[in-house]
Amino acid sequence: MAWSKLKQNLESFLCPALYGRVEYRATSYRYLPDKAGLCYIAVDKKNVLNMSDTTNLIRWYQTELEIKNDTDIQISINNEEIEAVRKDTKGIVPEDRLKVMARSRKKSEFAKELLLAQSSLSKSNFIVTANKFLSISIEESIESNDILLNILALVDRRVGKKRILNMTEKMKLKHPIVQYFYELRLSTF
C-alpha cells in the first residue's frame, strides 16, 4: 500500500478528540536510494516517536542495567514465579531473598523485551506494522508486545473510554512512549 493511502487509512481510525493533534509523517529521498528516510508520529506538531533506519536505533534506555535499576518501573510477582526460583535454587535460599530474585528475573525479562522492541523501530517496520494493525482486531493490537501496535490502538476511535480506563495497571508495564500515548488519550476524556 502506498504511504499516502496508508496514512489516510490510519488517520481515519483516529479518535475524534485526537484528529488534527496526532499526525503520521514520512520523508523519503527519491534520488538517494541508500537513504531510507524517516517516519515519525507527531503530537501537536512535535515529533514524539521517530523511526529511522535500523542503523540508528531508538534508545530510551541504554542498557539492561539502567532498566533494572529504574525505581519508576514497578514489577509485580506472583507465587508461581517465586516457586520457580525456589525450584531453581533447590530450596536453600531464604524466603525474602526468593522474592528479590524473582523480581530481578522478571525485570531482566522485561528489559530484554523492551530493548528488542526498540531496536525494531524503522520506517519499513512502521509500514509493515501499520498494515498489520489495519488487518487484525483491536484486541490483538492492545494485547501485543509491539510498541507501534499499542500506540496505534491507543489512539484508535474503536477503543472506548471504559476500556482505556481499565488499562491503567497494564500500562504501568509498557514502554514509556506507550505510556505517553496512554496519558494523551486519557487527557481527551
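Since we're looking at a predicted model, the values are computed, not measured.

Novice: Could you clarify how one ought to interpret the overall build of the protein in this entry?
Specialist: Within the protein, the regular secondary structure consists of 10 helices and 3 strands. When its helices and strands are written in sequence order, the protein yields α-β-β-β-α-α-α-α-α-α-α-α-α. Counting across all 189 residues of the protein, residues that qualify as buried make up 38%. Sequence separation of at least 24 residues holds for 54% of the intrachain contacts in the protein that already meet a minimum separation of 6. Summed over its atoms, the accessible surface of the protein is roughly 11200 Å², and 52% of this surface lies on carbon and sulfur atoms.

Novice: When you look at the environment of T188 in this model, what are you seeing that I'm missing?
Specialist: Along the chain, T188 turns up in the segment after α10 (176–186). Of the residues examined, T188 reaches a relative accessible area of 23% and is grouped as partly exposed. Residues T188 and P16 lie 172 residues apart in sequence; the distance between their C-alpha atoms is 9.3 Å. Here the side chain of T188 touches R185 through a polar contact of 2.5 Å, landing on its backbone oxygen.

Novice: What's the story with the side chain of T129 in this structure? I'm lost.
Specialist: Residue position: T129 is located in helix α5 (residues 123–135). Note on T129: relative accessible area 4%, which makes it buried. Setting aside residues no more than four positions away along its own chain, T129 makes contact with D146, L148 and L149.

Novice: How should the packing of helix α7 (residues 147–154) against α10 be read in this particular structure?
Specialist: A pair of packed helices is characterised by two quantities: the angle between their axes and the separation of those axes. Between α7 and α10, the shortest axis-to-axis distance is 9 Å and the interhelical angle comes to 0 degrees. Taken together, the axes of α7 and α10 lie roughly parallel to each other. Here α7 contributes I147, N150, I151 and L154 to the contact with α10, which in turn contributes I177, V178, F181, Y182 and R185.

Novice: I'm lost on helix α1 (residues 3–12) in this one. Help?
Specialist: Residues spaced three or four apart along an α-helix point in a common direction, a consequence of the helix completing one turn every 3.6 residues. Within α1, burial applies to L6, L10 and E11. Seen end-on, α1 carries its buried residues on one side only, within an arc spanning 130 degrees.

Novice: Would you mind going over unusual backbone geometry with me for this structure?
Specialist: Trans is the common state for peptide bonds, and a negative phi is the common state for residues other than glycine. Even without a glycine there, the phi angle at D44 is positive, about 50 degrees. Mapping D44 onto the fold places it in the loop between β2 (38–43) and β3 (46–51). With relative accessibility at 41%, the residue D44 sits in the partly exposed group.

Novice: Would you mind showing me how to read the packing of aromatic side chains here?
Specialist: When we look at a pair of aromatic rings, we describe it by the centre distance and by the angle of the planes. The tally for this structure, following the rule as stated, stands at 1 aromatic pair. Taking the centre distance of 5.4 Å and the plane angle of 90 degrees together, the rings of Y180 and F181 count as edge-to-face. You can call Y180 partly exposed: its relative accessible area is 36%.

Parameters at a glance
Per chain, residues are indexed from 1 in the order of the written sequence. Confidence filtering applies because this is a predicted model: local features only for residues at pLDDT of at least 70, side-chain atom pairs given and counted only at 80 or more, and all residues used for totals across whole chains, interfaces and linings. To obtain the side-chain values, all non-hydrogen atoms of the structure were included, while hydrogens and water were left out. A run of H or I in DSSP counts as a helix once it spans at least four residues, and a run of E counts as a strand once it spans at least two, with each numbered from the N terminus. Only protein chains enter the accessibility calculation, which uses a 1.4 Å probe; a residue is then buried when its area is under 20% of its type maximum, exposed when over 50%, and partly exposed in between. Any pair of residues with heavy atoms lying within 4.5 Å of one another is described as a contacting pair. Calculation of accessible area relied on Shrake-Rupley with a 1.4 Å probe; when residues are assessed, cover is drawn exclusively from the protein chains displayed. Any N or O atom pair separated by 3.5 Å or less is treated as a polar contact, with the protein-specific requirement of one donor-capable and one acceptor-capable atom, and with residues adjacent in sequence counted only for side-chain atom pairs. The axes used here are C-alpha line fits, helices contributing only the stretch in contact, and every angle between their N-to-C directions lies in the interval 0 to 180 degrees. Geometric relationships in this document are graded by angle, where less than 35 degrees denotes roughly parallel, more than 145 denotes roughly antiparallel, 65 to 115 denotes roughly perpendicular, and other angles denote oblique. This arc is built from the directions going out from the helix axis to the C-beta atoms. The criterion for an aromatic pair is that two Phe, Tyr or Trp rings (for Trp, the six-membered ring) have centres within 6.5 Å, with stacked assigned to planes under 30 degrees apart, edge-to-face to planes over 60 apart and tilted to the rest.

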